[in-house]
Amino acid sequence: MTGTDFGPDGTGAGGAAAGLGAGGGVICLAERDGAAIAEASLRALAFAASLAGPAQSVTAVVFPPAGGVGEPEPDDEVFADVLAECGATDVCLVRSAELTAYAPVAWARSIEQLTAADRASAVVAAATDHGSEVLAHLGAMTGLPVAANCVSAQSAGPSSWRLVRQRWAGSVLEDAVLEASLALLTVAADAVGQPAADGAASAVNGAVSAVNGAVLGGNGAASGVNGAESADRGLLSSARAGRRPSVRTVTPVLSEPDLVVRATESAEQSSGMSLATARVVVGGGRGVGGPDGFSALEELADLLGGVVGVSRVVTSQGWRPHRQQVGQTGTKISPELYMACGISGAIQHMAGCLSARHIVAVNTDADAPIIAHAEFAVIGDLNEVVPALIAAIRARAS
Amino acid sequence: MDVLVCVKRVPMVGGKVLVTADGQDVDTRMSGFTVSPHEECAVEEAVQITEREGGSVTVLTLGLPEAAEQLRDMMALGAHRGVLLETDGREWGPDATAAAIVDAAGELGPSPFPLILAGNEAADTGGYQVGVRIAHALGRPCLTGIKRLEIAGATLRGSREYRGAQEVFEVALPAVVTVKEGINLPRYPSLPGRLRAKRAEITVLRPQWKADGLRKEGLRVPAGSARRAQILGHGAAAVPALLDVLNGLGVLPSAVRSGGDAA
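Residues numbered from 1 in each chain as written. Chains lettered and ligands numbered in written order. Predicted model: local features only at pLDDT ≥ 70, side-chain atom pairs only at ≥ 80, totals over all residues. Heavy atoms only, no water.

Trainee: Mind laying out the overall build of chain A, listing which residues take part and the relevant values?
Mentor: Counting secondary structure elements, chain A contains 11 helices and 18 strands. Look at the contacts in chain A between residues 6 or more apart in sequence, and 67% of them connect residues 24 or more apart. Accessible area for chain A stands at about 14500 Å²; split by element, carbon and sulfur atoms hold 51% of it. (Helix = DSSP H or I, 4+ residues; strand = E, 2+ residues; numbered from the N terminus. Contact = heavy atoms within 4.5 Å. Areas by Shrake-Rupley, 256 points an atom, 1.4 Å probe, with all protein chains shown as cover.)

Trainee: If you had to explain the interface of chain B and chain A to someone new, which residues and values would you point to?
Mentor: Contact with chain B, which involves 83 residues of that partner, is made by 90 residues of chain A. Here chain B meets chain A over a buried area of about 7500 Å², counting both sides, of which 56% is carbon and sulfur. For chain B, the biggest contributors to the area lost against chain A are Arg163, Leu214 and Arg220 of chain B; these three give 9% of the whole. At the surface where chain B touches chain A, the tally comes to nine salt bridges. Applying the counting rule to chain B against chain A returns 38 residue pairs in polar contact (both at pLDDT 80 or more). Looking at chain direction, strand β10 (residues 172-179) of chain A and strand β13 (residues 214-220) of chain B are connected through six bridges and run antiparallel. By the bridge assignment for β13 of chain B, aspartate 175 of chain A is matched with glycine 218 of chain B. (Buried area = accessible area lost by both parts, 1.4 Å probe. Salt bridge = Lys/Arg side-chain N within 4 Å of Asp/Glu carboxyl O. Polar contact = N/O pair within 3.5 Å; in protein donor to acceptor, adjacent residues only side chain to side chain. Pairing = 2+ DSSP bridges.)

Trainee: An account of the packing of aromatic side chains is requested, with residue identities and associated values reported.
Mentor: Counted under the stated rule, the structure contains three aromatic pairs over all chains. An angle of 5° between the planes, with centres 4.3 Å apart, marks the rings of phenylalanine 63 of chain A and tryptophan 107 of chain A as stacked. Placement of the pair is phenylalanine 63 of chain A in the loop between β5 (58-62) and α2 (76-85) and tryptophan 107 of chain A in helix α3 (residues 104-118), with a sequence separation of 44 residues. For the pair formed by phenylalanine 63 of chain A and tryptophan 107 of chain A, the shared burial category is buried. Ring centres 6.4 Å apart and planes at 70° place the aromatic pair tyrosine 102 of chain A and phenylalanine 169 of chain B in the edge-to-face group. Taken as a pair, tyrosine 102 of chain A in the loop between β6 (90-94) and α3 and phenylalanine 169 of chain B in strand β10 (residues 165-172) lie in two separate chains rather than in one. Assessed through its relative accessible area of 2%, phenylalanine 169 of chain B is described here as buried. (Phe/Tyr/Trp six-rings, centres within 6.5 Å; stacked < 30°, edge-to-face > 60°. Buried < 20%, exposed > 50% of the residue type's maximum accessible area, 1.4 Å probe, protein only.)

Trainee: If you had to explain the nonpolar core to someone new, which residues and values would you point to?
Mentor: The biggest cluster of nonpolar side chains holds 109 residues, and the ones touching the most others in it are Leu83, Val124 and Leu185 of chain A together with Leu115 of chain B. The dominant element in this core, judged by the number of residues it contributes, is helix α1 (residues 39-51) of chain A, at seven residues. Not counting the four nearest positions on each side in its chain, leucine 115 of chain B is found in contact with Met1, Asp2, Val3, Leu4, Ile49, Arg140, Ile151, Leu156, Leu173, Ala175 and Val177 of chain B. Formed by 39 residues, the second largest nonpolar core is a distinct cluster that contains Leu297, Leu304 and Cys341 of chain A together with Leu249 of chain B. (Core = buried A, V, L, I, M, F, W, Y, C linked by side-chain atoms within 4.5 Å.)

Trainee: Let's hear about the packing of helix α11 (residues 382-397) of chain A against helix α6 (residues 239-248) of chain B: which residues, and what values?
Mentor: Helix-helix packing is characterised by the crossing angle of the two axes and by the distance between the axes. Look at α11 of chain A against α6 of chain B: their axes get within 10 Å of each other, and the N-to-C directions meet at 65°. Here the hand of the crossing between α11 of chain A and α6 of chain B comes out right-handed. Taking contact as the criterion, the partners of Val385, Ala388, Leu389, Ala392, Ile393 and Arg396 of chain A in α11 of chain A are, on α6 of chain B, Val239, Leu242, Leu243, Asp244 and Leu246 of chain B. Its residues assigned to classes, the contact of α11 of chain A with α6 of chain B comprises nine nonpolar, no polar and two charged. (Axes fitted to C-alpha atoms, helices over the stretch in contact; angles between N-to-C directions. Left-handed = near helix turned anticlockwise from the far one by under 90°. Nonpolar A, V, L, I, M, F, W, Y, C, P; charged D, E, K, R; others polar.)

Trainee: Explain the pattern of salt bridges to me, and be specific about the residues and the numbers.
Mentor: Under the counting rule described, the total for this entry stands at 33 salt bridges over all chains. A salt bridge links glutamate 133 of chain A to arginine 160 of chain B; the shortest N-O distance between them is 2.9 Å. One end of the pair, glutamate 133 of chain A, is in helix α4 (residues 129-142); the other, arginine 160 of chain B, is in strand β9 (residues 155-162), on a second chain. By relative accessible area, which is 1% here, arginine 160 of chain B ends up buried.

Trainee: Before we move on, could you go through the sheet that holds strand β5 (residues 81-86) of chain B and cite the residues and values that matter?
Mentor: All names here are of chain B. In space, the seven strands of this open sheet follow the order β7-β11-β6-β1-β4-β5-β12, with parallel pairing throughout. The open sheet is flanked by β7 (142-146) and β12 (202-205), the only strands paired with a single partner. Pairs of neighbouring strands in the sheet enclose a mean axial angle of 20°, with direction left out of account. Across six bridges, the pairing between strand β4 (residues 57-63) and β5 is parallel. By the bridge assignment, threonine 61 is partnered in β5 with leucine 84. Against the sheet, helix α1 (residues 37-53) engages β1 (3-7), β4, β6 (115-119) and β11 (175-179), with an angle of about 165° to β1.

This is the structure we're talking about:
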């Protein structure tokens, strides 16, 4: 067995928070995204760092990639730098011959053992499918409450936290008090970087966007290194930046029931450009009028190098498949431009596109809610405006 | 197979959510109520499973007496039996909710439900954990966020998309599965279905409320930017202005892009 077993003697070099009041530091699940750390996890890590006191540890936990520990991992050192830029004082690499694929209960069990060894006061994860699932398991196995989709949190004394979390996918905010010996928090996708977040957020945001550059441009370790360097340059202002995190390897004690649920297959999809990551999304709603009306939107999306997204009414009518749905119960998008055509802007829909950088609406109703969310609007029938726009773009191109 | 589906009554919200004057709830005076979207799909999935394989669908909710309306809506879609865990209007945390569901499942009959379905998360509170907590209490595996579900004998195969790849999970029944909208397209209730649901008897149980470690202090609507879109014009006449905006955002094809000096 390589690395350190969990237990009182196996806490490694990290325990900076020893002896501090209610307990030690903060643990954050750092999910992989290909050869990098997921941007959502870097944001969660920044959130975690904002919860920790100056002498407390912030431990980023990284699980093995699909395929398991047998594969070489040239990125681990790069990870350490990137994670440090977002506030990690410690990096914990989980190693286990049994963890050859995503296994939510086993991940939660590993983190549970780590919290015991570290006497942690909080566990934080991004509110992704994996983060939400792992923390739900951690809550169930410890009997502790989980606060999902937090946008801010602060300690309010021993085992007590004041927090703000999202309801209705962010359309309503809940002020809440969490009382728990170990705070279990998932962080809303847009929590860090909003004005409501704490002061350190802007510095951390710099790192996130610098790292993000590496993630977006990243294929393999080389660009990852570039990303880390640019993060270095960008983040000297962060209190914890520049300090080398202590990196340790731990091996969790897992039993058979922990491994019953695991991803057995993870084949890449060949469905072209992803709605979630598209730079331009052309949206169509009820105003499109029927299943035949989408060809013009597809053509416009092609011209703009983007994809088509739709509102919930379009998929519940069966006009388009659900995978094209933007919204609370569909896909959350964050394009440079969201061009919403014939979409009224119900909160169920807006919850999926509030991260769009620019929203342009085309709608017959000047009082539709979408007009209050959009930056620019054309009042008119999309079935007239969109073909005219396509013609104008083609005319300019020729 | 006997399937238990857990659903939640939530306000039907449109373009705006309002909070009551005391800041404790979403204002529902102007809204109707519905079943949280993922859960309606869970009911549809359960009905399809029993249409294929036989068995029954029991739909359960925890809420005010008025939530019987949502149970009847789901029975109109094909659920056979409705169970209301009646509450007094206090909000229940995920842990207490899961415990009450587990207790009720034990009380409802001699045969345990081999499959328990729920939504991935409720539309309103969005806690993402009731299904997982039910599974742990029963010592069952739990799949979450499932968009495709296949049953072959005692084996359950569920898949979902994550970061552009398909994740597939295979577990043996009994199990708990939370699903997401998109797993199917819920049917419209038939007239006979509506009539049957209207007459159906609903089992009412009254579980004991328990405090949760996460305590709501109040709700508020986030301060939006009070801006309104800049209106570029009306109809096709607005296209030149729209083209300028798209050009400014740098999203036009390179052959079309122009600098500030171009027309």
